[in-house]
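Now for the letters of each chain:
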Amino acid sequence: MVTLAEVAQHAGVSASTVSYVLSGKRSISATTRQRVEQSIRELGYHPNAGARALASSRSNIIALMIPLRTDMYVPVMMEIAIAVATTARTHGYDVLLLTGEEGPDAVRRVTGSGLADAMILMDVQLDDERLPLLRGTDQPSVLIGLPADTTGLTCVDLDWNATGALCVEHLATLGHRDIAVIGEAPAVYERHTGFAERTLDGLRSRAKELGLRVLHRPCEGGYDAMAVTLARILDERPGTTGFVVQNESAVEPLLALLRQQGRAVPEDVSVVAICPDQVAVQASVRLTSVAIPAQEMGRHAVERLTAKLDGRGSDEVVLIAPELTVRASSGPAPAGTS
């Protein structure tokens, strides 16, 4: 293993100069810094993580809190996590993944132990119990999600209100007047999870402006649960011709059940999904959808966090505008229904 002393000898400087270049604690001339950095690259030197942390008072680790709940679509969560990890690496940070449902205890563990220099929090609820702790610590943090009160916080998210509105506008343009929303599992709404609540708010508000009727039903996902949910919807609103689905595990069961009932997509009913593009294009009917920009969300979160760590960032809310892609699952409402 290459040592710091060997780097110093190769660069023709003192060991303390190499240490200062690595820690950034003292101003070093550009020429000397370049010579040291070149020696580090040529020799393949990697500072000992423990020693580096002691020298710089930093761990160069970002804690990512991502509770993996059974009622959430894990592939999207992991796509965001991968984007966070790869972007963090380009900034010289590694990622510590915290997947338990610990709530405030996880924040206390990170802030009290020095495990990480900063935090990114996911699965954000409107009144998230972790927020008072974040506001009370000097440790930088970013939320991937939007709570009800964003004061003193930096947040990155898809604009879910606009997403819900965009889905309704698309169906309204096609002449649909009765819309059913098949949502996430009931527990997601019971926790007041931000993305689900905001999508529904945006959808309902825009539907009211457009004079559409909306019926929302949560769904656990899977064939049996979807069968019960669809039966309830069609019993309450038999004239429903437009569906908005915000539940990846309900997409294919819904399409199968509609086929079994002789309801053709999109001739008889239209379906718009809020889901990853992969889910939309691999469905049995290619779905008109609003994609979830998981990689963009993860990248933005890390960039805001590293700016804070460098003393350049400030509290802000970054909302990514939704984009709807029209595919085979949406079409004009059947004659006589508009």
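Residues numbered from 1 in each chain as written. Predicted model: local features only at pLDDT ≥ 70, side-chain atom pairs only at ≥ 80, totals over all residues. Heavy atoms only, no water.

1. A closer look at the packing of helix α5 (residues 74-90) against helix α14 (residues 294-309)
Thinking step 1. Axis separation between α5 and α14 bottoms out at 8 Å; the angle between their running directions is 40°. When the axes of α5 and α14 are compared, the pair comes out oblique. For the element pair α5 and α14, the recorded crossing hand is right-handed. Listed contacts from α14 to Val-76, Glu-79, Ile-80, Ala-83, Val-84, Thr-87 and Ala-88 of α5 are Ala-294, Gln-295, Met-297, Gly-298, Arg-299 and Val-302. (Axes fitted to C-alpha atoms, helices over the stretch in contact; angles between N-to-C directions. Helix = DSSP H or I, 4+ residues; strand = E, 2+ residues; numbered from the N terminus. Parallel < 35°, antiparallel > 145°, perpendicular 65-115°, else oblique. Left-handed = near helix turned anticlockwise from the far one by under 90°. Contact = heavy atoms within 4.5 Å.)

2. Here's the deal with the domain arrangement of the protein chain
Often the size quoted for an interface is simply the accessible area lost on bringing the parts together.
Thinking step 1. Here the protein chain is described as being made up of domain 1 (4-47), domain 2 (61-158 + 294-320) and domain 3 (160-292).
Thinking step 2. Using only C-alpha atoms to locate each centre, domain 1 and domain 2 end up separated by 33 Å. (Domains from an automatic or database assignment.)

3. What about the sheet that holds strand β12 (residues 324-325)?
Thinking step 1. Here six strands make up an open sheet; going across it, the order is β7-β6-β8-β9-β10-β12 and the pairing mixed. What marks the edges here is a single partner per strand, and that holds for β7 (213-218) and β12.
Thinking step 2. Packing against the sheet, helix α10 (residues 194-210) makes contact with β6 (178-183), β7, β8 (242-245) and β9 (270-274), and its axis sits at approximately 160° to β7.
Thinking step 3. Across the sheet, helix α12 (residues 248-260) touches β6, β8 and β9, and the angle it forms with β8 is around 155°. (Pairing = 2+ DSSP bridges.)

4. Looking at the pattern of salt bridges
Thinking step 1. Here the structure, examined in full by the defined rule, presents 16 salt bridges.
Thinking step 2. The residue Arg-304 makes a salt bridge to Glu-316 at a minimum N-O spacing of 3.2 Å. A residue pair is termed long-range when its members are at least 10 positions apart, and Arg-304 in helix α14 and Glu-316 in the loop between α14 and β11 (317-320) qualify at 12 residues.
Thinking step 3. Ionic contacts of the salt-bridge type, sharing partners, join the residues Glu-169, Arg-206 and Glu-209 into one network. (Salt bridge = Lys/Arg side-chain N within 4 Å of Asp/Glu carboxyl O.)

5. Let's talk about the sheet that holds strand β5 (residues 155-158)
Thinking step 1. The sheet built from six strands is open, its strands ordered β2-β1-β3-β4-β5-β11 with parallel pairing. Two strands close off the open sheet at either side, each with one partner strand: β2 (94-98) and β11. Each strand of the sheet is rotated relative to its neighbour by a mean of 20°, with strand direction disregarded.
Thinking step 2. Where strand β4 (residues 141-144) and β5 come together, two bridges link them in parallel fashion. Paired with Leu-143 across the strands is Cys-155, a residue of β5.

6. Quick look at the packing of helix α11 (residues 223-236) against α12
Thinking step 1. Contact geometry of α11 with α12 gives a least axis separation of 9 Å together with a crossing angle of 55°. Taken together, the axes of α11 and α12 are oblique relative to one another. Note that α11 runs across α12; the crossing there is right-handed. In this structure, α11 uses Tyr-223, Met-226, Ala-227 and Leu-230 to contact α12, whose residues at the interface are Ala-250, Pro-253, Leu-254, Leu-257, Leu-258 and Gln-260.
Thinking step 2. For the contact of α11 with α12, the per-class residue count stands at nine nonpolar, one polar and no charged. (Nonpolar A, V, L, I, M, F, W, Y, C, P; charged D, E, K, R; others polar.)

7. Here we look at α10
Thinking step 1. For α10, built from 17 residues, the straight-helix expectation of 24 Å at 1.5 Å per residue is met to within 8% by its first-to-last C-alpha distance of 24 Å.
Thinking step 2. Residues Gly-194, Phe-195, Ala-196, Glu-197, Arg-198, Thr-199, Leu-200, Gly-202, Leu-203 and Ala-207 constitute the buried set of α10.
Thinking step 3. Looking at the buried residues of α10, the elements they touch are α8 (160-173), β6, α9 (186-190), β7, β8 and β9. (Expected span 1.5 Å × (residues − 1). Buried < 20%, exposed > 50% of the residue type's maximum accessible area, 1.4 Å probe, protein only.)

8. Focus on unusual backbone geometry
Thinking step 1. Of the consecutive residues Val-265 and Pro-266, the connecting peptide bond is found in the cis state with omega at 10°.
Thinking step 2. The topology assignment puts Pro-266 in the loop between α12 and β9.
Thinking step 3. Positive phi outside glycine occurs at Asp-123, with the angle close to 55°.
Thinking step 4. Mapped onto the elements of the fold, Asp-123 is located in the loop between β3 (118-121) and α7 (131-135).

9. With respect to the side chain of Thr-240
Thinking step 1. Within the fold, Thr-240 resides in the loop between α11 and β8.
Thinking step 2. Side-chain polar atoms of Thr-240 contact the backbone oxygen of Arg-237, separated by 2.8 Å. (Polar contact = N/O pair within 3.5 Å; in protein donor to acceptor, adjacent residues only side chain to side chain.)

10. Digging into the nonpolar core
Thinking step 1. Core analysis: the largest hydrophobic core is formed by 47 residues, its most contacted members being Leu-64, Ile-80, Val-84, Ile-120, Met-122, Ile-144 and Val-244.
Thinking step 2. Two domains each donate at least three residues to this core, and these are domain 2 (61-158 + 294-320) and domain 3 (160-292).
Thinking step 3. Not counting residues within four places of it along the chain, the set of residues in contact with Ile-80 comprises Met-122, Ile-144, Ala-294, Met-297 and Gly-298. (Core = buried A, V, L, I, M, F, W, Y, C linked by side-chain atoms within 4.5 Å.)

11. Notes on the environment of Tyr-73
Thinking step 1. As for its placement among the helices and strands, Tyr-73 is situated in the loop between β1 (61-65) and α5.
Thinking step 2. Note on Tyr-73: relative accessible area 28%, which makes it partly exposed.
Thinking step 3. C-alpha of Tyr-73 to C-alpha of Glu-303: the two residues are 230 residues apart in sequence and 25 Å apart in space.
Thinking step 4. In contact with Tyr-73, other than residues within four places in its own chain, are Glu-248, Pro-276 and Val-279.

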